[in-house]
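Residue strings, one per chain:
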Amino acid sequence: MEAPGGKVTDVPARKAHPGILVTNLDAFARYVEGRGLVPEWDDAFPGMRRFYLRDNNGNRLEFLSPAG
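What counts, and where the lines are drawn
Residues numbered from 1 in each chain as written. Predicted model: local features only at pLDDT ≥ 70, side-chain atom pairs only at ≥ 80, totals over all residues. Heavy atoms only, no water. Phe/Tyr/Trp six-rings, centres within 6.5 Å; stacked < 30°, edge-to-face > 60°. Helix = DSSP H or I, 4+ residues; strand = E, 2+ residues; numbered from the N terminus. Buried < 20%, exposed > 50% of the residue type's maximum accessible area, 1.4 Å probe, protein only. Salt bridge = Lys/Arg side-chain N within 4 Å of Asp/Glu carboxyl O. Core = buried A, V, L, I, M, F, W, Y, C linked by side-chain atoms within 4.5 Å. Contact = heavy atoms within 4.5 Å.

On to the packing of aromatic side chains. Remark: the centre distance and the inter-plane angle together describe each pair of aromatic rings, the angle taken between the planes. On inspection of all chains with the given rule, the structure shows 5 aromatic pairs. Arranged with centres 6.2 Å apart and planes meeting at 20°, the rings of phenylalanine 28 and tyrosine 31 form a pair that is stacked. Here phenylalanine 28 pairs with tyrosine 31, and both are found in helix α1 (residues 25-33), just 3 residues apart, close to one helical turn. On the accessibility criterion, tyrosine 31 (45% relative accessible area) is partly exposed. Measuring from centroid to centroid gives 4.9 Å for phenylalanine 28 and phenylalanine 63, while their planes differ by 50°, and the two rings are tilted. In this pair, phenylalanine 28 is assigned in helix α1 and phenylalanine 63 in strand β4 (residues 60-66), connecting sequence segments 35 residues apart.

The full count for this structure, using the stated rule, is 3 salt bridges. Residue arginine 49 pairs with aspartate 26 through a salt bridge whose shortest N-O separation is 2.8 Å. With a gap of 23 residues between them, arginine 49 in strand β3 (residues 48-54) and aspartate 26 in helix α1 connect regions that are remote in the sequence. Looking at aspartate 26, the relative accessible area reads 35%, which means it is partly exposed.

Turning next to the nonpolar core. Counting residues in each nonpolar core, the largest one holds 7 residues, listed as Val22, Leu25, Ala29, Val32, Phe51, Leu53 and Phe63. Of all the secondary structure elements, the ones that give two or more residues to this core are α1 and β3. Among the elements that line this core, the one with the most residues is α1, at 3 residues. Apart from residues no more than four positions distant in its own chain, valine 22 is found in contact with Phe28, Phe63, Leu64 and Ser65.

That is the geometry; function is a separate question.
Listed below in structure tokens is the structure:
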């Protein structure tokens, strides 16, 4: 991948990532855990519940749903 300034990099983004809205976050967490993945839970988004997973390239994926 070519970054601004012509530098070539294959380093995954540290902060930029897609956020995917999930209807039943707990059920989805159990689903991915059943396939050997470990959700990284984060409670720092008021009003939302969320966790992160990493894809095979190390990119962060966010899965979230409204709290309550």
